[in-house]
Amino acid sequence: QKEVEQNSGPLSVPEGAIASLNCTYSDRVSQSFFWYRQYSGKSPELIMSIYSNGDKEDGRFTAQLNKASQYVSLLIRDSQPSDSATYLCAVNGRDDKIIFGKGTRLHILP
Amino acid sequence: GAGVSQSPSNKVTEKGKDVELRCDPISGHTALYWYRQSLGQGLEFLIYFQGNSAPDKSGLPSDRFSAERTGGSVSTLTIQRTQQEDSAVYLCASSLLANTQYFGPGTRLTVL
């Protein structure tokens, strides 16, 4: 079982709709969860971090964490073409090492 | 404040040559990571430092790859006898313990 799993996509969402990105992880002791965005040819940049069960909102972005089910999701409201990118889920594992998923490619359709 | 810096930004080398890639993390960050990313692919973990020690070297593809970190700061990734399949973008990231990682701009390595 992979440590952090994401659907590779591409996920196509019409402009203005809600994009929903999902991630599951295998290590129950994980405490820190991150979503990164990576534009083509650029380095990943942090969008959200979440540490507690429930929802965390920041502008158009909402991160959701469910430790019992071992999944974390990212919702993007009012999707814009500029949101088109690869979204990487990251989780802390053993030895405090951060583990990344392979990423989900998101396409926002104008 | 200064972010993570990497040098060189681009490196073109001939097959069989050795290369050294440098990463300067954010000051005070204890953890440092090296990743490799081929075109259109995800992040491939190479090695992780906590301070000067490397608890996890499991991602290094072969014994041609090595890395060190000195003074809990600068890290160097060395690739010996480069092969064409080593061509990729090499990314460095630093963080404070298991917190947010901040990525450098990467080094684009091309092996001819």
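For the structure itself, look to the data block above.
One structure accompanies this document, and this report is about it. Keep in mind that this is a model prediction, so the values were computed, not measured.

**Topic: the overall build of chain B**
On a plain count of helices and strands, chain B comes out with 0 helices and 11 strands. Listed by position from the N terminus, the elements making up chain B come as β-β-β-β-β-β-β-β-β-β-β. Taken over the C-alpha trace, chain B has a radius of gyration of 13 Å; the compact-globule value for 112 residues is 13 Å, and the two agree within 12%. The dimensions of chain B, computed from C-alpha atoms along their principal axes, are 35 × 25 × 25 Å. Long-range contacts, defined here as pairs at least 24 residues apart, represent 52% of the contacts in chain B between residues at least 6 apart. Summed over its atoms, the accessible surface of chain B is roughly 5,300 Å², and 47% of this surface lies on carbon and sulfur atoms. Within chain B, the 10 negative side-chain charges are centred at a point lying 2 Å from the centre of the 10 positive side-chain charges.

**Re the interface of chain A and chain B**
Taken residue by residue, the interface counts 16 residues in chain A and 21 residues in chain B. Carbon and sulfur atoms supply 53% of the area buried between chain A and chain B, which totals about 1,400 Å² over both sides. Counting across the interface, chain A meets chain B through 0 salt bridges. Summed over the shared surface of chain A and chain B, the number is 4 residue pairs in polar contact (both at pLDDT 80 or more). Mapped onto the side of chain A that touches chain B, the elements with two or more residues apiece are β4 (33–38), β9 (85–92) and β10 (98–100) of chain A. Among the elements that take part in the side of chain A that touches chain B, β4(A) stands out by supplying 3 residues, more than any other. The residue makeup of the side of chain A that touches chain B, split by class, is 8 nonpolar, 4 polar and 4 charged.

**Examining the environment of A:F100**
If you trace the backbone, A:F100 turns up in strand β10. Counting along the chain gives 96 residues from A:F100 to A:V4, while the straight-line C-alpha distance between them is 6.4 Å.

**Structural notes on the sheet that holds strand β3 (residues 19–24) of chain B**
Residues and elements named next belong to chain B. Read across the open sheet, the 4 strands follow the order β1-β3-β8-β7; overall the sheet is antiparallel. Two strands bound the open sheet, and with one partner strand each, they are β1 (5–7) and β7 (65–69). This sheet shows a mean twist of 15° between the axes of neighbouring strands, independent of strand direction. In terms of strand pairing, β3 meets strand β8 (residues 75–79) through 5 bridges, oriented antiparallel. Looking across to β8, one finds that E20 is bridged to T78.

Rules behind the numbers
Residues numbered from 1 in each chain as written. Chains lettered and ligands numbered in written order. Predicted model: local features only at pLDDT ≥ 70, side-chain atom pairs only at ≥ 80, totals over all residues. Heavy atoms only, no water. Helix = DSSP H or I, 4+ residues; strand = E, 2+ residues; numbered from the N terminus. Rg over C-alpha atoms; globule rule 2.2 N^0.38 Å. Contact = heavy atoms within 4.5 Å. Areas by Shrake-Rupley, 256 points an atom, 1.4 Å probe, with all protein chains shown as cover. Lys, Arg positive; Asp, Glu negative; His and termini not counted. Charge placed at Lys NZ, Arg CZ, Asp CG, Glu CD. Buried area = accessible area lost by both parts, 1.4 Å probe. Salt bridge = Lys/Arg side-chain N within 4 Å of Asp/Glu carboxyl O. Polar contact = N/O pair within 3.5 Å; in protein donor to acceptor, adjacent residues only side chain to side chain. Nonpolar A, V, L, I, M, F, W, Y, C, P; charged D, E, K, R; others polar. Pairing = 2+ DSSP bridges. Axes fitted to C-alpha atoms, helices over the stretch in contact; angles between N-to-C directions.

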